[in-house]
Amino acid sequence: MNSERIKTLRLGLGLSQTKLAQVLGIAPGTVNKWEAGKTKISAKFVAALDKLEVAARRDAQVFPSANREVFRPIQYLGSKARLVSTVRTLIQGMASAGETVGDLFCGSGVVSHFLSGEHPIIAVDIQGYSEVLGVALLSGKQEHFENADSESFWNRYSELTSYLAAIYSPLLRYEEQALSAAKEGNYSALTAIVESGSLAANAQCPLHNRPRELVMAMEATLANVSTSNLLASSTTATNYFGGPYFSYWQTIGLDALYMTIAEQPRDIGASLKGVLLSVASEIVNTVGKQFAQPIKLIKADGGIQPLLLQRTLRDRNLNVEEVFRAWAKKWGNNSNPNDFSHQVIRGDVLSYLENPVDCKVYYADPPYTIDHYSRFYHVLETLVHRDEPSLDETVRLGQRRVMRGIYRAGRYQSPFCIPSAAAQAYASMFSRLAKKEASLLLSYSHFEEDEGHRPRLMSMVDLVNLAGKYFSHVELYEPDNHIHRKLNAASLNASSLENAEKFLICTH
Ligand SMILES: C[S@@+](CC[C@H](N)C(=O)[O-])C[C@H]1O[C@@H](n2cnc3c(N)ncnc32)[C@H](O)[C@@H]1O
């Protein structure tokens, strides 16, 4: 067996040189020497490698769904969509197929979904939208998503849309005129909708500088709402985010869809709620499709931003029904064919790790900067909770007002994002995993100063040193260079370490 063949085989098995050496029970440097052609592999180890390859092929037959596509249900900052194959390869070196794997900080669920073809998954995240995505990704079946093709589903949707449209008609008329005027070059009404069109924000702190016609349209709408039987929780999207983030027409579509979905049998509804979040993520009218800030159409000098205006007109024209149908197909095509029993847990990772759980291998992708995900995705969170949160306020030009982002008050603040708490949070995570004798694959996202990315709260060097206190082996993997290094603090060159995606493989 030549050196190239050993390397191909090893990579095919998803093993690092060190891990393969461990599996074969030989000194860590031996595999490196074989691959570099420095020493010859003996017949005994050729036979052992052949055995490993046969076992891997058998697993691939047992788990045919393992070779799945990467499915990205929402646009998500810090999504590991680009790295899922690497995560899978590294996890394959830590857990055999069929063994449960924990996805801590599962976020958009893209990693859980990718791994779920060959492992039962325990997905954990503090956010409600993450739970909705996780349930739909891990337990959604093709036939659930096919319901989005049924005539009765869309008949009910049309009925509800018409009902809501009648109630919100004064605002819908105002919006129609604003959009036509913007196409003709008069964008002041459209700007007013984006800047101050949220009914919930105005209910909390009325804005005095709204155009009179918008105030009247809002008042007439509220009068209609008060004489209807509508529950506030039925129209969360329209009341909170219609105007700043979406057109009113679109939020009426989102609310009508939500109500239609709520009437479906439980498992179908749980799957279709995931599709709804994909739709919100696709149609939202923001730069980068996050939810931190509505679009800013007007420049500091009072002029319009022409490209943003174009984008606004395009985004607000997206048809909720069409987008939903297209996403339901994508979800169906990516649904999970196997019968593993997965778990999705909404909660704090550190509390979760205090429970006795039967899972020995974890992937963790914590946030690394001071930016709380709850700020970028609060809209999805409110759409999922459908509660009536009060909103964060600020004072501008002497006027109390709701913040532009329409953030729900009391958003979750992760200790992993707080400079004074991050080191302790990592230490608690490591110590709880070590207590369970569980292995950890930790993602460490890259930091590109040139691109204005935020600095990390923990340096790689500190993180490695900290992990070393709890795990007997800490190994670094750099996918860009395919470098594996066994670590100790002295071997770390701090500057070279801060520039690429990295993984720490922590084992006992
Ligand atoms: C880097 S993102 C994860 C991205 C994810 N791997 C993906 O591909 O979509 C970090 C996630 O950590 C979650 N989070 C932050 N602190 C948490 C905590 N203490 N417990 C649970 N989840 C937390 C955030 O809600 C966010 O979804």
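For every chain, the first residue of the written sequence is number 1, and numbering continues from 1 along that sequence. Reporting in this predicted model follows two pLDDT cut-offs: at least 70 for local features of residues, and 80 or more for side-chain atom pairs to be given and counted; totals over whole chains, interfaces and linings ignore these cut-offs and use all residues. Here the side-chain values reflect all heavy atoms present in the structure, with hydrogen atoms and water set aside.

### Some remarks on the overall build of the protein chain
Moving on, step 1. Secondary structure counts use DSSP, requiring at least four H or I residues in a row for a helix and at least two E residues in a row for a strand, with both numbered from the N terminus. Within the protein chain, the secondary structure is distributed over 24 helices and 10 strands.
Moving on, step 2. The reference for a compact globule is 2.2 Å times residues^0.38; the radius of gyration itself is calculated from the C-alpha atoms. Its C-alpha atoms give the protein chain a radius of gyration of 26 Å, within 12% of the compact-globule value 23 Å for 508 residues.
Moving on, step 3. Considered along the principal axes of its C-alpha atoms, the protein chain spans approximately 85 × 50 × 45 Å.
Moving on, step 4. For the exposure calls, accessible area comes from a 1.4 Å probe over protein chains only, and a residue counts as buried if that area is under 20% of its type's maximum, exposed if over 50%, partly exposed in between. Expressed as a percentage of the 508 residues in the protein chain, the buried residues total 55%.
Moving on, step 5. Accessible areas in this description were obtained via Shrake-Rupley with a 1.4 Å probe; residue shielding takes into account the shown protein chains only. Of the accessible surface of the protein chain, which amounts to about 22,400 Å², a share of 50% is contributed by carbon and sulfur atoms.

### Topic: the packing of aromatic side chains
Moving on, step 1. Two rings from Phe, Tyr or Trp (for Trp, the six-membered ring) form a pair when their centres sit within 6.5 Å of each other. Planes less than 30 degrees apart are called stacked, planes more than 60 degrees apart edge-to-face, and all others tilted. Counted under the stated rule, the structure contains 25 aromatic pairs.
Moving on, step 2. Consider the rings of Phe153 and Trp154, whose centres lie 5.1 Å apart with planes at 75°: the pair is edge-to-face.
Moving on, step 3. In this structure Trp154 comes out as buried when scored by relative accessible area, which is 5%.
Moving on, step 4. Ring centres of Tyr426 and Phe430 lie 6.2 Å apart, and the angle between their planes is 45°; on these two criteria the pair is classed as tilted. With Tyr426 and Phe430 both in helix α22 (residues 422-435) and four residues apart, the pair spans about one turn of that helix.
Moving on, step 5. A residue is classified by how much of its surface remains accessible, and Tyr426, at 2% relative accessible area, is buried.
Moving on, step 6. Accessibility expressed as a relative area gives 0% for Phe430, which makes it buried.
Moving on, step 7. By the ring-pair criterion, three or more aromatic residues cluster together here, those being Tyr76, Tyr129, Tyr240, Phe241, Tyr245, Phe291, Tyr373, Phe376 and Tyr377.
Moving on, step 8. The ring of Phe376 carries Arg375 above its face, with NZ or CZ at 5.7 Å from the centroid.
Moving on, step 9. Charges are assigned to positions over rings by a cutoff of 6 Å between ring centre and Lys NZ or Arg CZ, combined with an angular limit of 35 degrees from the ring normal. Between Arg411 and the ring centre of Tyr407, over which it is positioned, the NZ or CZ distance is 5.0 Å.

### Considering the nonpolar core
Moving on, step 1. Take the buried residues of types Ala, Val, Leu, Ile, Met, Phe, Trp, Tyr and Cys, join any two whose side-chain atoms come within 4.5 Å, and each joined set is a nonpolar core. Phe246, Leu272, Phe324 and Trp331 are the most contacted members of the largest nonpolar core, which totals 83 residues.
Moving on, step 2. The contact criterion used throughout is that any non-hydrogen atoms of two residues lie within 4.5 Å. Residues contacting Leu272, with those up to four places away along its chain left out, are His144, Phe145, Asn147, Ala148, Phe153, Ile261, Gln264 and Phe324.

### Regarding the site of the ligand
Moving on, step 1. If even one non-hydrogen atom of a residue comes within 4 Å of a molecule or strand, that residue is called near it. By nearness alone, 21 residues border the ligand, and Tyr76, Ser108, Asp125, Asp365 and Ser414 come closest of all.
Moving on, step 2. Any pair of N or O atoms that falls within 3.5 Å is considered a polar contact. Within protein, one atom must be able to donate a hydrogen and the other to accept it, and sequence-neighbouring residues count only if both atoms are side-chain atoms. Within the side chain of Tyr76, an N or O atom sits 2.7 Å from an oxygen atom of the ligand.
Moving on, step 3. In this structure, Ser414 approaches the ligand through a side-chain N or O atom, which is 2.7 Å from a nitrogen atom.
Moving on, step 4. Within the complex, 99% of the 610 Å² of free accessible area of the ligand lies under protein.
Moving on, step 5. Residue polarity follows a fixed list, in which Ala, Val, Leu, Ile, Met, Phe, Trp, Tyr, Cys and Pro are nonpolar, Asp, Glu, Lys and Arg are charged, and the others, Gly among them, are polar. A breakdown of the residues in the shell around the ligand according to their chemical character gives 10 nonpolar, seven polar and four charged.

### Some points on the confidence of the model for the protein chain
Moving on, step 1. For every residue, the predictor assigns a confidence score, pLDDT, that lies between 0 and 100. Of all residues in the protein chain, 91% have pLDDT values of 70 or greater, and the mean over the chain is 89.
Moving on, step 2. The low-confidence segment residues 482-499 (pLDDT under 50) makes 42 contacts with residues lying over four places distant or belonging to another chain.

### Side note on the domain arrangement of the protein chain
The parts lose accessible area when they come together, and the size of an interface is often stated as this lost area.
Moving on, step 1. Taken domain by domain, the protein chain holds domain 1 (3-62), domain 2 (69-140 + 340-372 + 414-507) and domain 3 (145-333).
Moving on, step 2. The partner domain 2 presents eight residues to the nine residues of domain 1 that form the contact.
Moving on, step 3. Between domain 1 and domain 2, roughly 690 Å² of surface is buried when both sides are summed, and carbon and sulfur atoms account for 53% of that area.
Moving on, step 4. Should a side-chain nitrogen of Lys or Arg be within 4 Å of a carboxyl oxygen of Asp or Glu, the pair is scored as a salt bridge. Along the contact surface separating domain 1 from domain 2 lie zero salt bridges.
Moving on, step 5. Summed over the shared surface of domain 1 and domain 2, the result is zero residue pairs in polar contact (both at pLDDT 80 or more).
Moving on, step 6. Taken together, the elements giving at least two residues each to the side of domain 1 that touches domain 2 come down to α1 (3-13) and α2 (17-24).
Moving on, step 7. At three residues, the largest contribution of residues to the side of domain 1 that touches domain 2 is made by α2.
Moving on, step 8. Tallied by class, the residues present in the side of domain 1 that touches domain 2 amount to three nonpolar, four polar and two charged. An automatic or database domain assignment provides the domain bounds reported here. Put simply, buried area is the surface a 1.4 Å probe can reach on two separate parts but cannot reach once they are joined, added for both.

### A few points about unusual backbone geometry
Moving on, step 1. One non-glycine residue, Arg386, lies in positive phi territory at about 50°.
Moving on, step 2. As for its position among the elements, Arg386 is in the loop between α21 (378-385) and β5 (393-396).
Moving on, step 3. The backbone of Ile406 sits at a positive phi, close to 55°, despite the residue not being glycine.
Moving on, step 4. The buried category is assigned to Ile406, whose relative accessible area is 4%.

### Observations concerning helix α10 (residues 169-183)
Moving on, step 1. Compared with an ideal rise of 1.5 Å per residue, which puts 15 residues at 21 Å, α10 spans 21 Å between its outermost C-alpha atoms and is within 8% of the ideal.
Moving on, step 2. When α10 is considered as a whole, its buried residues turn out to be Pro170, Leu171, Leu172, Tyr174, Glu175, Ala178, Leu179 and Ala182.
Moving on, step 3. Positive backbone phi, at 100°, marks Gly185, one or two positions downstream of α10. Here a helix's expected span is defined as the number of its residues, less one, multiplied by 1.5 Å.

### Details of the state of the cysteines
Moving on, step 1. Cysteine sulfur atoms are paired as a disulfide whenever they come within 2.5 Å of each other. Within the structure shown, the criterion is met by zero disulfides.
Moving on, step 2. No disulfide involves Cys106; its nearest neighbouring cysteine sulfur is the one of Cys359, lying 13 Å away.
Moving on, step 3. Cys359 supplies the cysteine sulfur nearest to Cys506, a cysteine that is in no disulfide, at a spacing of 15 Å.

### A few points about the pairing of strand β1 (residues 101-104)
Moving on, step 1. Alternating positions in β1 separate into two faces, Val101 and Asp103 on one and Gly102 and Leu104 on the other, with burial throughout.
Moving on, step 2. Here, strands pair whenever DSSP counts at least two bridges between them. With four bridges joining them, β1 and strand β2 (residues 121-125) adopt parallel strand pairing. Considered in β2, the bridge of Gly102 is made with Ile122.
Moving on, step 3. One crossover worth recording links β1 to the parallel β2 by way of helix α6 (residues 110-115), and it is right-handed.
Moving on, step 4. As paired elements, β1 and strand β4 (residues 361-364) share four bridges and run parallel to each other. Along β4, the bridge assignment pairs Val101 with Val361. Seen with the strands pointing away from the viewer, any crossover whose path from the first strand over the helix to the second strand runs clockwise is right-handed.

### Focus on helix α7 (residues 128-139)
Moving on, step 1. Taking 1.5 Å of rise per residue, 12 residues should cover 16 Å, and α7 covers 16 Å from first to last C-alpha, within 8% of that figure.
Moving on, step 2. When you tally the buried positions in α7, you get nine out of 12 residues, the bulk of the element.
Moving on, step 3. Those residues of α7 not exposed but buried are Gly128, Tyr129, Ser130, Val132, Leu133, Gly134, Ala136, Leu137 and Leu138.

### Some points on the pattern of salt bridges
Moving on, step 1. If you walk through the whole model with that rule in mind, you get 15 salt bridges.
Moving on, step 2. A salt bridge links Arg88 to Glu118, with the nearest nitrogen and oxygen atoms 2.4 Å apart. Residue Arg88 is found in helix α5 (residues 84-92), and its partner Glu118 is found in the loop between α6 and β2; the two are separated by 30 residues along the sequence. Each of the two residues, Arg88 as well as Glu118, counts as buried.
Moving on, step 3. A salt bridge links Glu354 to Arg432; the nearest nitrogen and oxygen atoms lie 3.9 Å apart. Linking Glu354 in the loop between α19 (349-352) and β4 with Arg432 in helix α22, this pair joins segments that are 78 residues apart in sequence.
Moving on, step 4. Taking the relative accessible area as the measure of exposure, Arg432 reaches 23% and is therefore partly exposed.
Moving on, step 5. One connected set of salt bridges, linked through shared partners, spans Asp149, Glu321 and Arg325.

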